[in-house]
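Descriptive analysis of the structure
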Number of protein chains: 2
Amino acid sequence: MTHDTRTLTTAPTDRRPGPTPTELGIGARFSLHPHRDDFVDVIVDALDAAQADDVEVTTDDVTTFVRGTEDAVVRYLFDALRAAAEAGGHLVAHVHLSRGCPGEVACDLPDDVVLATPPVPVLPRCGMPTAAHWSLYPLDDGAPGRQGDHMSAVTAAVDAAHRRVDVTPEHFVTRLDGDLADVLTTVVEGWLTAGRTVRHVATHATLVVASPSW
Amino acid sequence: MTHDTRTLTTAPTDRRPGPTPTELGIGARFSLHPHRDDFVDVIVDALDAAQADDVEVTTDDVTTFVRGTEDAVVRYLFDALRAAAEAGGHLVAHVHLSRGCPGEVACDLPDDVVLATPPVPVLPRCGMPTAAHWSLYPLDDGAPGRQGDHMSAVTAAVDAAHRRVDVTPEHFVTRLDGDLADVLTTVVEGWLTAGRTVRHVATHATLVVASPSW
């Protein structure tokens, strides 16, 4: 949560022409639930361990809000999740990524700018087997005279997920099993890929590491 | 999780003409995170305390799945949340409601049947102050030749929320503060009301009771 001016000066945010990540409504909300007695220490240490030089982070009484470029937000999330997982024991995390329609910012940016998404960040595998219940919401209103088709982006994302993780269809969600890095990357890839054709895309995932039932 | 045949025979499910709740993809996934040492007992007791005669309930290693009529699903959720909250201490719960496009069931039902939603269940206040981060996703594809407009249903739901709870706009979510019953009712009302004009509607909420920061 510290700001290093030199880092900010050279961050991708500043070189990008046009709308900033803030104007594009790019960011995340998440919460960590280490199911162990010293959960407060695990949460505080995990948030401290994450690289926060180029993101805005605000933790309130419900969730933690993270804002920045897609790359910076995802790396912060991964750092925090990995640190909490590496503390050991049963961990549940809820991750919510959003882009394209920030709550308090009007969605009046040109479509072509909003729909340009960066490459999927490469996250190193960390040896933490993870299961997730994942849902993707491409809010595809279509265009004047053209009907939307939100399920086509969802189907494409689920098809692509097979490349990295085990995929199981469940009611209301898709189950992903694999290394924490691969599960999070799959969620992020679905979100970013849908964002290439749909302006407003949100995704939610409940991730579990080291379930006592395994 | 027990089934009483007599109850099932007279349940609204059986009297409803046309598609069943299962065919309409009506249900929920949720998880409870009591931040206290005996969290396992609190979770197990809360799930046992909820009235499950007329719902299908399956708990796996990630979340708990509930399926039935809208009324039965919401009452089960409320019972479980209230029991976990009344156990005392800091509780976080994640609730995901979905309707209109079940994962494994094709969305080929007539629009007018899918879009008929029942009244909002009346839940008794229980004296449990609750805060929530709420997001509503009306996946409004529009109709042939007609563009969708997902934000109109979201705006209407947020406007209606003011009738029951304190409402604060936040990034990516709407914050709700009020009695546990009123917060859950607001989430449900938004979901059901959006379902009157949009076929596939999902909603997610992170609820917190007794945060140590209050």
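Scoring rules and cut-offs
- Residues numbered from 1 in each chain as written.
- Chains lettered and ligands numbered in written order.
- Predicted model: local features only at pLDDT ≥ 70, side-chain atom pairs only at ≥ 80, totals over all residues.
- Heavy atoms only, no water.
- Axes fitted to C-alpha atoms, helices over the stretch in contact; angles between N-to-C directions.
- Helix = DSSP H or I, 4+ residues; strand = E, 2+ residues; numbered from the N terminus.
- Parallel < 35°, antiparallel > 145°, perpendicular 65-115°, else oblique.
- Left-handed = near helix turned anticlockwise from the far one by under 90°.
- Contact = heavy atoms within 4.5 Å.
- Nonpolar A, V, L, I, M, F, W, Y, C, P; charged D, E, K, R; others polar.
- Buried area = accessible area lost by both parts, 1.4 Å probe.
- Salt bridge = Lys/Arg side-chain N within 4 Å of Asp/Glu carboxyl O.
- Polar contact = N/O pair within 3.5 Å; in protein donor to acceptor, adjacent residues only side chain to side chain.

Let us now look at the packing of helix H5 (residues 70-86) of chain A against helix H8 (residues 180-194) of chain A. Residue and element names in this part refer to chain A. At a closest axis distance of 11 Å, the pairing of H5 and H8 adopts a crossing angle of 155 degrees. As far as their axial angle goes, H8 and H5 are roughly antiparallel. Crossing hand, H5 versus H8: right-handed. Taking contact as the criterion, the partners of Glu-70, Val-74, Leu-77, Phe-78, Leu-81, Arg-82 and Ala-85 in H5 are, on H8, Leu-180, Ala-181, Leu-184, Val-188, Trp-191 and Leu-192. Tallied by class, residues from the contact of H5 with H8 come to eleven nonpolar, no polar and two charged.

Many structure descriptions define interface size as the accessible area lost when the parts assemble. The interface of chain A with chain B comprises 57 residues on the first partner and 58 residues on the second. In total, about 4700 Å² of surface goes out of reach between chain A and chain B, with carbon and sulfur atoms giving 59% of it. In this structure, the salt-bridge partner of Glu170(A) is Arg29(B), at a minimum N-O distance of 3.8 Å. Linking chain A with chain B are 36 residue pairs in polar contact (both at pLDDT 80 or more). Contributing elements (two or more residues each) for the side of chain A that touches chain B: strand E1 (27-34), strand E3 (64-67), strand E4 (91-99), strand E5 (129-139), helix H7 (150-161) and strand E8 (200-209) of chain A. Of the residues that constitute the side of chain A that touches chain B, the class distribution is 21 nonpolar, 23 polar and 13 charged.

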